[in-house]
Every structure is written in structure tokens, then in C-alpha cells.
Amino acid sequence: MCGIIGHVGQRESLPILMAGLRRLEYRGYDSAGVAVLNAGQLGVVKAVGKIKSLERSLQGQEIAGSIGIAHTRWATHGEPSVTNAHPHLDSDNEIALVHNGVIENYRTLKEFLSRSGIKFVSDTDTEVLTKLVKYHYTDSLTDAVRIALGQVEGTYGIAVVSSKHPETLVAARKGSPLVIGLGDDENFVASDVSAMIEHTNRVLYLEDGEIAEITPNDYRIITIENIPTDKAVEEVNWTLDEIEKQGYDHFMLKEIYEQPSTIRAAIRGRINLEEGIARLNGLNLQYDELRRIKRVIITACGTSWHSALIGEYMIEELARIPVEVEYASEFRYRSPVFDDHTLLLAISQSGETADTLAAMREARKHGVTSLGIVNVVGSTIARESDGGVYTHAGPEIGVASTKAFTSQVMVLSMIAILLGRMRNVSVQQGQELIGLMRQLPDQIEAILKTDDKIQEIAKAYHHHDNFLYLGRGINFPAALEGALKLKEISYIHAEGYPAAEMKHGPIALIDEKMPVVVIALKDPVYDKVMSNIEQVKARNGNVIAIASEGDTEIADKVNHVIYVPRTHRLLTPILSVLPLQLLAYHIAVMRGCNVDQPRNLAKSVTVE
Ligand code: AGP
């Protein structure tokens, strides 16, 4: 989704802004632009496409200066074009503004401004906001922004500069994340910490309805009602290394290979083998409160929704509490039934997904205790939830989520154990699960060592246009996740299905051109899955099986087998998904796709 970086200080802004834009590239965008203030004039350059296009457009341009803003745009209003790209300017080229989000009443505001003779050149809601700020401007940029935002309905994260205020950057937030970074003799604003982490790790997270006035050595935060507010400075503990490829061809591959360590990080300090229990202090719930929970709703989108489905199996089986998994985008527009004993879990890698955030807010409005399972520290879901558990997977840059998924599943397994231990799960059962959880990182290492074989399979099938993924029980969501990975990065049509459901429709698709990836682990439904495999083979389908180590009989019945180590049935998706991530990755690379920034996709979907 769109990205923002702003800088004000003593150093040249342009290199800082361009480096920030490159760090934001992973979020997905279709055009980019920059505005720098130099000797009272705003120099603005914009381009369609990648940052490289913007770099080319900047060649030979004089836009020196030590205050500026920049933006990567993911089109919502108006096609990707130079005119629609940000920053937008007012008619006198005095004010430049970049914006993430959607101004819902922009048509009304446009009519209002048009009546005063103001003309528009783009199709965007952002241009309207820029001209509205100018309309209200008298002598204070901050006041003009504040008054303009008072008329706005919708969501925004904005950064604004003006040629009349060469040392002031104004930023404001409602529904779109913004972080202020504090440096030495310079300050920053960005939609994402990664854009400024090489300059500072001291940050302030803006809340909805707050406006920041930022100068090189100071900042001031007020509410939209013009009330000054205080804010704690927080330290981000990422390192630059974490957001660099470190020799890998793609971030996605690096992130797949990081999973042994991210799984270790997810459980570190949180499991107690002796007592067979997980300790999750961030939940902010006492044991008696955990015992009172009678129903769990898990809400999320995309990959996080798949981990929610796995959580449903885990919590229902271990804690015997009914669980409903809801697409956040649907949940927020239904009239969900809540009661005092419902717990809501909102799962999100970014912690900023608009639908998941809105679903959580809806639940909280009804007094439902809402916990976040979130990766990005300090993100909105993390801050607005009643408590939660960080997944600690570190920055995930590849648009296709991999390590965040397995960490979410780990966290859900710990929640399930905890809720289970509050009820029927014995110390011994808890110990068995925890013991097996501790083996997962080494087992993942073992799967990663089979990458060459997965690559060979990818080679054999990367020309196919359709794939079917089958799994049963707790591995059905893993099949869904495998299919999602393939479609989002390789643009191959892939569907995930519960294996037994295949005969109710998708079987009609099966022929030699439709490879079928089947998760067929040695578990209580193994024989049933094997008969589903026979049904595929009988129709000339090619089967790639994900099987349990030591299963010798499967090899004769399928075209290819990728083995994964054995573990507790409830933990198997953490292992079975690994080959599926690698298969999708290699197929996408072989098809020449842009793995880390697939077309049309954004890392963090902060609009509806
Ligand atoms: C994952 O590969 C996708 N890019 C996407 O489905 C993602 O999981 C979804 O948008 C939810 O994001 P979140 O976890 O940051 O809320």
C-alpha cells in the first residue's frame, strides 16, 4: 500500500527520501514522487512505476534542500499516472502534500472548493485535500491542516510542507499509520519504521486524530481539537540487517530460511516444559478470566486468516471451546452476536490491516475482550487491543507472508495449550506438546535441506496454469495457504480444497494438465487422503505429495514426494507449509515473476 517518508533537518533531504522510498518498495505501489523545498521553491518530481523510474526522472534536476516529503502510491482514485502521483500541490505551488488512505467525502469537498474557483488537475482525493489545506491557510500550516482535516471524512496519514515554512513538516493520522522518528538535528516522519531505521530508532507513534508539527530540533503534537498531547518516545529494536537481503536473491527466500530462528523467537521465554504450560503475560488475562471464556472468535485476512483456521482446530481440540473464524472484511459488516464470555483474537502480521482493525474495534465497542496476535511492534492493532502476543518474527518484507504465518501458528498453539491447561489438558499432555514444539526449529532446518528436490519439482511443473492443493483436518488450511502462496507470486491459478470435498466438484478439473499437491501425513485421516490420491491418479492427475518421514508406501502411488519430519498432529501445519512456500517461490522465480513485489499486491492493506 502507499508509503510516506518525510525529512526536516540540516542534511540534504533528497538522498534520505529516496533511500526511504526504496525501503518502502516492499509495500507495493504503482508510482512515486518527491517534493523538496529549496530557496523558497518546491521542487517536485514524480514518475509512474518503480523507484528506478523516479531516479531516472530526477537525473539532471536540481532539487537540493533540507526539508521534503516523498510517497509511493498504490492507486485508489485515478489510474497510476504522473498527474495522479503524489506529492500534490495547491494551485500556487506553495503547499505539497502526500497522503495514504481514502478521503471519502472528496467529491463534496471538491464541489465546495470549485465554487471558489479552485481548479483540479488530477483524479485524486489527495489533490482535493491539498487544496483544502491551502484554502484554510492564513499564517500557520499546522492550523490550516487541522482545520482542513476537520472537514474530512475518511482515512489519512499525511505529510505536508509549505514554501512559506521552510523548517516545518506537518503530519497527521487517522486510520493510516504514521511514525515520527527523532534524529540529531533532524527529524522524520514515515508510514513505516523501515523507511527511517538507518537514521534513528527513537520513534513516536501518532494516534488517530493527532497532528504533529515537526522541526529539525523539536516536535509538537496536538489533537484535531487543538489540544496539546504528550507522547512517550519508544525505541525500535530492529537492526538494518533485518531489512536487507543478506545475500539471498529475494526477501521471500530469506524469510523462508529464517523460520528455524523465528520459531525459536516465537516460543522463547513463553513455554514451561516442567509445568506443560505456556506463559503469555501480554494477554493481560488472569487464569480465572481465561477459564470464563466460553467462545472464541478469530478474525483476520489472507494468510493470517489461514493461521486462524489452524488456531480453530487447536483451540477446539485442546480447550474444547467453540471457535469461529471470520474474514475481518465480512465480520465488520455483519451484526455479530457477542456475549460476556466471548474472546476475540485479531491476527495480523502488519497490525495495520484496515479490515482486521475495524473488526477488532467493532468487537471492542461491544465490550468484547480483544487480543492481537501481531508481528509489527507498536502497530495499531497492537496498541488498540486489550492485550496480545507479539509473534516476534522480525520485519517481513516479502509481500507473500511466510515466516509471519508459521509464527502466528506457534502463538496460536501456545494460546491453545494455555486455554487447554485451564481446562482438561493434563500436565503430561502439555509437556508432550511443548517438548515437540521445541523440536520444530531443527525439523524446519531438515526440510530446508530438501530444497534442491523441491526446486526440481518446480522445474517440472512451472509451466502449468492451474494447481489444486488438497489437505484434510488441520492441514486443510495449510493447503489453502500453499495455494495462496502460489497464486500471489506466480500468478498461476491455484485452489485449496479439503481433500474429500474434491469429489463434490473440483474433480471435474483433473487431468494431466492439473498438478495436485496433496498433504498426506500419517495421521488419522491418512487412509482417506490416500483414497483421494487414487481418485486423482485414476484421472491422469499428477500428484505431488507432502508426506511423513518414513512413509515408504506413498512413493509408489504419487509422482513426487516431499518428506517432512513427524510431530504432534496439531503442529504439523508448521512443517507441511514449508515445502509449499518453497515450491511457490521456485515456480515464481522460474516464471520470471517479481517474487517480493507481486503485481497489484500490497504488503499492508490499509484501505478497505
Ligand atoms: C499474504 O501472503 C498476503 N500478502 C496477504 O493475504 C496478507 O496475509 C493479508 O493482507 C493480511 O495481512 P496482515 O497479516 O498484515 O493483516
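Coordinates for the structure precede this section.
The following refers to the structure shown. Counting restarts for each chain: residues are numbered from 1 in the order of the written sequence. Given that this is a predicted model, residues contribute local features only at a pLDDT of at least 70 and side-chain atom pairs are listed and counted only at 80 or more, while totals for whole chains, interfaces and linings are drawn from all residues. Note that water and hydrogens are dropped before the side-chain values are worked out from all heavy atoms of the structure.

**Details of the overall build of the chain**
A run of DSSP states H or I qualifies as a helix once it reaches four residues; a run of E qualifies as a strand once it reaches two. Both are numbered from the N-terminal end. Along its length, the chain carries 18 helices and 26 strands. What the globule rule says is 2.2 Å times the number of residues to the power 0.38, and the radius of gyration is computed from C-alpha atoms. Radius of gyration (C-alpha) of the chain: 25 Å, near the 25 Å computed for a compact globule of 608 residues. The principal-axis extent of the C-alpha atoms belonging to the chain is close to 75 × 55 × 45 Å. With 608 residues in all, the chain has 63% of them scored as buried. By definition in these notes, contact holds between two residues if any of their heavy atoms fall within 4.5 Å. Contacts in the chain between residues far apart in sequence, at least 24 positions, make up 71% of those at least 6 positions apart. Here the Shrake-Rupley method, with its probe set to 1.4 Å, supplies the accessible areas, and only the displayed protein chains count as covering residues. In the form shown here, the chain has an accessible surface area of approximately 22,900 Å², with 46% of it arising from carbon and sulfur atoms. Only protein chains enter the accessibility calculation, which uses a 1.4 Å probe; a residue whose area is less than 20% of its type maximum is buried, one above 50% is exposed, and one in between is partly exposed.

**Examining the side chain of Arg270**
Here Arg270 is to be found in the loop between α7 (259-267) and β15 (271-272). We note that Arg270 is buried and unpaired, the nearest opposite charge coming from Glu242 at a distance of 14 Å. Beyond its immediate sequence surroundings of up to four residues, Arg270 is in contact with Ile277, Ala278, Arg279, Leu280, Val389, Tyr390, His392, Val411 and Met414. Only four residue types enter the tally: Lys and Arg on the positive side, Asp and Glu on the negative side; His and the chain ends are excluded. Throughout this description, the term salt bridge denotes a Lys or Arg side-chain nitrogen within 4 Å of a carboxyl oxygen of Asp or Glu.

**Thoughts on the side chain of His71**
Of note, His71 is situated in strand β4 (residues 67-73). Pairing of N or O atoms within 3.5 Å defines a polar contact, subject to two protein rules: one partner must be a possible hydrogen donor and the other a possible acceptor, and residues neighboring in sequence count only if both atoms are side-chain atoms. Reaching out from His71, the side chain makes a polar contact with the side chain of Asn100 at a distance of 3.0 Å. Apart from residues no more than four positions distant in its own chain, His71 is found in contact with Cys2, Gly3, Ile4, Leu21, Ser31, Ala32, Gly33, His86, Val98, His99 and Asn100.

**Examining the site of the ligand**
If even one non-hydrogen atom of a residue comes within 4 Å of a molecule or strand, that residue is called near it. Neighbouring the ligand are 13 residues; Ser304, Ser348, Ser350, Thr353 and Glu488 lie closest to it. Within the contact set of the ligand, an oxygen atom lies 3.1 Å away from a backbone nitrogen or oxygen of Thr303. In the model, an oxygen atom of the ligand is placed 2.6 Å from a nitrogen or oxygen of the Ser348 side chain. Calculation on the ligand without its partners gives an accessible area of 410 Å², and the protein chains cover 91% of this total. Every element with two or more residues in the shell around the ligand is listed here: α9 (302-319) and α16 (476-490). With three residues, α9 is the largest single contributor of residues to the shell around the ligand.

**Looking at the packing of aromatic side chains**
For Phe, Tyr and Trp, rings pair up if their centres lie within 6.5 Å, where Trp contributes its six-membered ring, and each pair is then called stacked (planes under 30 degrees apart), edge-to-face (over 60) or tilted (otherwise). For the structure on display, the rule yields five aromatic pairs. Taking the centre distance of 5.9 Å and the plane angle of 40° together, the rings of Tyr248 and Tyr257 count as tilted. With a centroid separation of 5.9 Å and an interplanar angle of 80°, the aromatic rings of Phe331 and Phe338 are classed as edge-to-face. In terms of burial, Phe331 and Phe338 fall into one category: buried. The rule is short: NZ of Lys or CZ of Arg within 6 Å of the ring centre and within 35 degrees of the ring normal puts a charge over the ring. The aromatic ring of Tyr491 is capped on one face by Arg599, whose charged end is 3.8 Å from the ring centroid.

**Things to note about the sheet that holds strand β21 (residues 387-390)**
Strand order in the open sheet formed by five strands is β18-β17-β19-β20-β21, and the pairing between neighbours is parallel. Every interior strand has two partners, whereas the edge strands, β18 (323-327) and β21, have only one. Within this sheet the neighbouring strands show an average axis-to-axis angle of 20°, counted without direction. Paired strands, in this sense, are two strands between which DSSP finds at least two bridges. As paired strands, strand β19 (residues 342-348) and strand β20 (residues 369-374) are joined by six bridges and run parallel to one another. The residue bridging Leu345 from the neighbouring strand is Leu371, located in β20. With respect to the sheet, α9 is in contact with β17 (295-300), β18 and β19, its orientation differing from that of β18 by roughly 175°. Axis definition: a line fitted to C-alpha atoms, over the contacting stretch in the case of helices. Angles run 0 to 180 degrees between N-to-C directions.

**Some thoughts on the packing of α7 against helix α13 (residues 403-421)**
The geometry of α7 relative to α13 is characterised by a closest axis approach of 9 Å and an angle of 30° between their N-to-C directions. Of the possible angle classes, the one that applies to α7 and α13 is roughly parallel. With respect to the hand of their crossing, α7 and α13 are arranged in right-handed fashion. For the pair α7 and α13, the contacting residues are Gln259, Thr262, Ile263, Ala266 and Ile267 in the first and Lys403, Thr406, Ser407, Met410 and Met414 in the second. Split into classes, the residues belonging to the contact of α7 with α13 amount to five nonpolar, four polar and one charged. In this scheme, roughly parallel covers angles under 35 degrees and roughly antiparallel covers those over 145, while 65 to 115 is roughly perpendicular and the rest are oblique. In a left-handed crossing the near helix is turned counterclockwise from the far helix by less than a right angle, and in a right-handed crossing that turn is clockwise. Think of it as three bins: nonpolar holds Ala, Val, Leu, Ile, Met, Phe, Trp, Tyr, Cys and Pro, charged holds Asp, Glu, Lys and Arg, and polar takes everything else, Gly as well.

**Quick look at the pairing of β21**
Taking every second residue as pointing to the same face, the buried face of β21 carries Gly387 and Val389, while none of Gly388 and Tyr390 on the other face is buried. Bridge count for β20 against β21 is four bridges, and the pairing is parallel. What sits directly across from Leu371, in β21, is Gly387.

**Some words on the state of the cysteines**
Note that a disulfide, as used here, is simply two cysteine sulfur atoms within 2.5 Å. Enumeration over the complete set of coordinates arrives at zero disulfides. Considering cysteine sulfurs only, Cys301 is the nearest to Cys2, which forms no disulfide, with 17 Å between them.

**Quick notes on unusual backbone geometry**
A cis amide bond links His86 to the next residue, Pro87, at an omega of 0°. In this model, Ala39 sits at a positive phi of 45°, which is unusual for a non-glycine residue. Summarising the element assignment, Ala39 is placed in the loop between β2 (31-38) and β3 (41-48). Judged by relative accessible area, Ala39 falls into the exposed class, the value being 73%. Although it is not a glycine, Asn226 sits at a positive phi angle of roughly 70°. Of note, Asn226 is situated in the loop between β13 (218-223) and β14 (234-235). Since its relative accessible area comes to 37%, Asn226 is described here as partly exposed.

**Details of the sheet that holds strand β7 (residues 156-162)**
Overall, antiparallel pairing links the six strands, which are arranged β5-β6-β7-β8-β12-β13 in an open sheet. Looking along the sheet, the strands with just one partner apiece sit at the ends: β5 (88-89) and β13. As paired strands, strand β6 (residues 95-100) and β7 are joined by six bridges and run antiparallel to one another. Residue pairing in the sheet places Val98 in a bridge with Ala159 of β7. Each of β6, β7, β8 (165-174), β12 (210-215) and β13 is contacted by helix α5 (residues 141-150), which is oriented at about 145° to β7, the strand it contacts most.

**A look at the pattern of salt bridges**
Counted by the stated rule, this structure contains 31 salt bridges. One salt bridge connects Arg361 with Glu384, and the closest N-O pair in it is separated by 2.7 Å. Pair noted here: Arg361 is in helix α11 (residues 354-365) and Glu384 is in helix α12 (residues 380-384), with a separation of 23 residues, a long-range link. Salt-bridge contacts for Glu481 lead to Lys485; the nearest nitrogen and oxygen are separated by 2.6 Å. One end of the pair is Glu481 and the other is Lys485, both in helix α16 and four residues apart, which spans about a single turn. When sorted by exposure, Glu481 lands in the same class as Lys485, which is buried. The network of salt bridges with shared partners includes Asp90, Asp92, Glu94, Lys134 and Lys164.

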